[in-house]
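Residue strings, one per chain:
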Amino acid sequence: MFIIFNHDKLEERINKMYGDMVAFGKLMGMNKQKINSRLKGATDFTQSEIEKAAELLNIFPEEIPAYFFEVEHIGFEN
């Protein structure tokens, strides 16, 4: 089984607060490619990345699932 998460709400928050991925990425210690990889689901966010992003974006702990774990698709491998 695999799960694809939708990070649209997270992207909207980043753009609203920082204007673009590059500015946010610098604060996260990531380049644009690494941020995009996380947002597009090619690579998962680590727990420490989620914690840091939540702090930078003023996301309360109880809001984290809505930003990082919104399920877009669940698939099953054969």
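The preceding data block contains the structure.
So, here's what we can say about the structure. (Residues numbered from 1 in each chain as written. Predicted model: local features only at pLDDT ≥ 70, side-chain atom pairs only at ≥ 80, totals over all residues. Heavy atoms only, no water.)

**Some points on the environment of Lys32**
Okay, step 1: Relative to the elements of secondary structure, Lys32 occurs in helix α3 (residues 32-39).
Okay, step 2: We classify Lys32 as partly exposed; its relative accessible area is 48%.
Okay, step 3: For the pair Lys32 and Ser48, spaced 16 residues apart in sequence, the C-alpha separation works out to 18 Å. (Helix = DSSP H or I, 4+ residues; strand = E, 2+ residues; numbered from the N terminus. Buried < 20%, exposed > 50% of the residue type's maximum accessible area, 1.4 Å probe, protein only.)

**Describing the pattern of salt bridges**
Okay, step 1: This model, assessed by the stated rule, comprises two salt bridges.
Okay, step 2: Of the charged contacts, one joins Lys40 and Glu11 as a salt bridge, the two residues approaching to 3.3 Å between their closest N and O atoms. Separated by 29 residues along the polypeptide, Lys40 in the loop between α3 and α4 (47-56) and Glu11 in helix α1 (residues 8-18) bring together distant segments of the chain.
Okay, step 3: Taking the relative accessible area as the measure of exposure, Lys40 reaches 57% and is therefore exposed.
Okay, step 4: We classify Glu11 as buried; its relative accessible area is 17%. (Salt bridge = Lys/Arg side-chain N within 4 Å of Asp/Glu carboxyl O.)

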